[in-house]
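Architecture and fold: a report
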Amino acid sequence: MLKRKQKLGKRTVLLVAADGLIVTVIYFAMVFLHWNFKMDLALAMRLCLRIPFVILCYLGCNVLFKVYHTLWRYAGLYDILQFSLSAIFATCGTWVFDY
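This text gives an overview of the structure that appears in the document. (Residues numbered from 1 in each chain as written. Predicted model: local features only at pLDDT ≥ 70, side-chain atom pairs only at ≥ 80, totals over all residues. Heavy atoms only, no water.)

Description of the overall build of the chain
Looking only at helices and strands, one finds three helices and zero strands in the chain. Each helix and strand of the chain, ordered N terminal to C terminal, gives the series α-α-α. Among the 99 residues that make up the chain, the fraction classed as buried is 24%. Looking at the chain alone, contacts between residues at least 24 apart form 63% of all its contacts between residues at least 6 apart. By element, 74% of the accessible surface of the chain is carried by carbon and sulfur atoms, the whole surface being about 7,900 Å². (Helix = DSSP H or I, 4+ residues; strand = E, 2+ residues; numbered from the N terminus. Buried < 20%, exposed > 50% of the residue type's maximum accessible area, 1.4 Å probe, protein only. Contact = heavy atoms within 4.5 Å. Areas by Shrake-Rupley, 256 points an atom, 1.4 Å probe, with all protein chains shown as cover.)

Laid out in structure tokens, this is it:
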């Protein structure tokens with residue numbers, strides 16, 4: 001039983017790290033695309049200051065909606081709903097605090 005918990009812990013850490021990396025890359029790509037592939041130093045600095053909040057917002061919503069407790073091999077309607085709610089709340093939170 002103890003080995004299962006350790007594997008789950010390692011798996012969860014890897015999923016959180018991967019989600020943090022994905023959120024960072026996608027956030028920069030989205031802003032880069034929004035500004036027609038032009039980014040000056042001031043915009044890059046603002047993004048660097050905002051990205052920790054964006055990561056915490058998305059990861060916090062994933063934990064709140066228990067996205068990391070799901071076995072994705074057999075995802076059901078409930079799991080998809082939890083993931084969708086997590087993404088919606090994280091996006092709305094980022095918009096509210098970003099502007």
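Observations concerning a nonpolar patch on the surface
A surface patch of nonpolar side chains, about 400 Å² in accessible area, is lined by Leu21, Ile22, Val25 and Ile26. Its place among the elements puts Leu21 in helix α1 (residues 2-34). We classify Leu21 as exposed; its relative accessible area is 57%. (Patch = residues over 30% accessible without salt bridge, like charges linked within 9 Å, V, L, I, M, F, W, Y side chains within 5 Å. Salt bridge = Lys/Arg side-chain N within 4 Å of Asp/Glu carboxyl O.)

Things to note about the state of the cysteines
Going through the model one piece at a time under the given rule, you end up with zero disulfides. Of the cysteine sulfurs around Cys57, a residue in no disulfide, the closest is that of Cys61, at 4.8 Å. (Disulfide = S-S within 2.5 Å.)

A word on the layout of surface pockets
The computed volume of the second largest pocket comes to approximately 250 Å³. Together, 13 residues line the second largest pocket, and Asp19, Asn62, Val67, Tyr68 and Phe83 are the ones closest to its centre. Only α1, α2 (41-64) and α3 (77-98) provide two or more residues apiece to the lining of the second largest pocket. Broken down by element, the lining of the second largest pocket gets its largest block of residues, four residues, from α1. Residue classes in the lining of the second largest pocket are distributed as 10 nonpolar, two polar and one charged. (1 Å grid on protein atoms, 1.4 Å probe; cavity = no way out; pocket = protein on both sides within 12 Å on 5 of 7 lines; lining within 4 Å. Points joined across faces, edges and corners; volume = space filled by probe spheres on them. Nonpolar A, V, L, I, M, F, W, Y, C, P; charged D, E, K, R; others polar.)

Examining the nonpolar core
The biggest cluster of nonpolar side chains holds 10 residues, and these are Val23, Tyr27, Val31, Leu43, Leu47, Ile51, Val54, Ile55, Leu59 and Tyr68. For this core, the secondary-structure elements that each account for two or more residues are α1 and α2. Per-element tally for this core: the top contributor is α2, with six residues. Once residues within four sequence positions are removed from consideration, Leu47 is found in contact with Tyr27, Phe28, Val31 and Met39. (Core = buried A, V, L, I, M, F, W, Y, C linked by side-chain atoms within 4.5 Å.)

As for α2
Here α2 contains 24 residues, and its C-alpha end-to-end distance of 35 Å stays within 8% of the 34 Å for a straight helix at 1.5 Å per residue. Maximum bend of α2: about 35 degrees, positioned at Arg50, with proline Pro52 one to four residues after it. Inspection of α2 places Leu43, Leu47, Ile51, Val54, Ile55, Cys57, Leu59, Cys61 and Asn62 among the buried residues, and these make up the whole buried set. Lys66, located one to two residues past α2, shows a positive phi value of around 55 degrees. (Expected span 1.5 Å × (residues − 1). Bend = angle between axes of the 7 residues up to and from the residue.)

A few points about the packing of aromatic side chains
Within the structure shown, the criterion is met by two aromatic pairs. Their ring planes at 80 degrees and their centres at 5.5 Å tell us that Phe32 and Phe37 sit as a pair that is edge-to-face. Since its relative accessible area comes to 32%, Phe32 is described here as partly exposed. By relative accessible area, Phe37 is classed as exposed at 54%. Here Phe65 and Phe89 contribute two aromatic rings whose centre-to-centre distance is 5.5 Å and whose plane-to-plane angle is 40 degrees, an arrangement assigned as tilted. Taken together, the positions of Phe65 in the loop between α2 and α3 and Phe89 in helix α3 put the pair 24 residues apart, joining distant regions of the chain. With relative accessibility at 14%, the residue Phe65 sits in the buried group. A residue is classified by how much of its surface remains accessible, and Phe89, at 48% relative accessible area, is partly exposed. (Phe/Tyr/Trp six-rings, centres within 6.5 Å; stacked < 30°, edge-to-face > 60°.)

Geometric values such as these leave the question of function open.
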